[in-house]
Amino acid sequence: MTMAPFSDEPENSRATFQRLRELRDRLGAGAAQLAELSMGMSGDFEVAIEEGATMIRVGTSLFEALPQHT
């Protein structure tokens, strides 16, 4: 699992996601099979998916869409 450094530009997360995918691929070449790749949040999940994410976290997008109670 990884979270890229915060940025207003999702594309800035790509290098972080690429590095984690490459690490998973190197580790998975041995006996261990690492099926899941958890990376990406509401602001950059599209880039994470493009880089191979199998799990993303989109809590902010979900909770911002809920009606606010006062």
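Given the structure is predicted, the values throughout are model-derived calculations rather than measurements.

Colleague: I keep staring at a nonpolar patch on the surface and nothing clicks. Help me out?
Modeller: On the surface, a cluster of nonpolar side chains totalling about 250 Å² of accessible area is made up of L23, L27 and L34. By secondary structure assignment, the location of L34 is in the loop between α1 (14-28) and α2 (45-50). Of the residues examined, L34 reaches a relative accessible area of 39% and is grouped as partly exposed.

Colleague: Could you clarify how one ought to interpret the environment of L20 in this entry?
Modeller: Residue position: L20 is located in helix α1. Apart from the residues lying within four places of it in its own chain, the contact partners of L20 are M1, T2, L37, S38 and M39.

Colleague: Could you clarify how one ought to interpret the pattern of salt bridges in this entry?
Modeller: Between side chains of opposite charge, a pair can form when the charged atoms approach closely. Counting across every chain of the model gives 5 salt bridges. Linking R21 and E51 is a salt bridge whose minimum nitrogen-to-oxygen distance equals 2.8 Å. Of this pair, R21 sits in helix α1 while E51 sits in the loop between α2 and α3 (59-64), and the two are 30 residues apart along the sequence. According to the relative accessible area criterion, R21 is partly exposed, its value standing at 23%. According to the relative accessible area criterion, E51 is buried, its value standing at 8%.

Procedures and definitions
All residue numbers here refer to positions counted from 1 along the written sequence of the relevant chain. Thresholds applied to this predicted model are a pLDDT of at least 70 for local features of residues and 80 or more for the giving and counting of side-chain atom pairs; totals over whole chains, interfaces and linings are not thresholded and use all residues. Heavy atoms from the whole structure form the basis of all side-chain values; hydrogens and water molecules are not counted. Only residues whose relative accessible area exceeds 30% and that take part in no salt bridge are eligible for patches, with like-charged residues grouped when within 9 Å of each other and nonpolar side chains (Val, Leu, Ile, Met, Phe, Trp, Tyr) grouped when within 5 Å. Residue exposure ignores everything except the shown protein chains as possible cover, and the areas themselves are Shrake-Rupley values with a 1.4 Å probe. The term salt bridge refers to a pairing of a side-chain nitrogen on Lys or Arg with a carboxyl oxygen on Asp or Glu at a separation within 4 Å. Helix numbers and strand numbers start at the N terminus; a helix is a DSSP run of H or I with at least 4 residues, a strand a run of E with at least 2. When a residue's accessible area, from a 1.4 Å probe over protein chains only, is under 20% of the maximum for its type it is buried; when over 50% it is exposed; and in between it is partly exposed. The contact criterion used throughout is that any non-hydrogen atoms of two residues lie within 4.5 Å.

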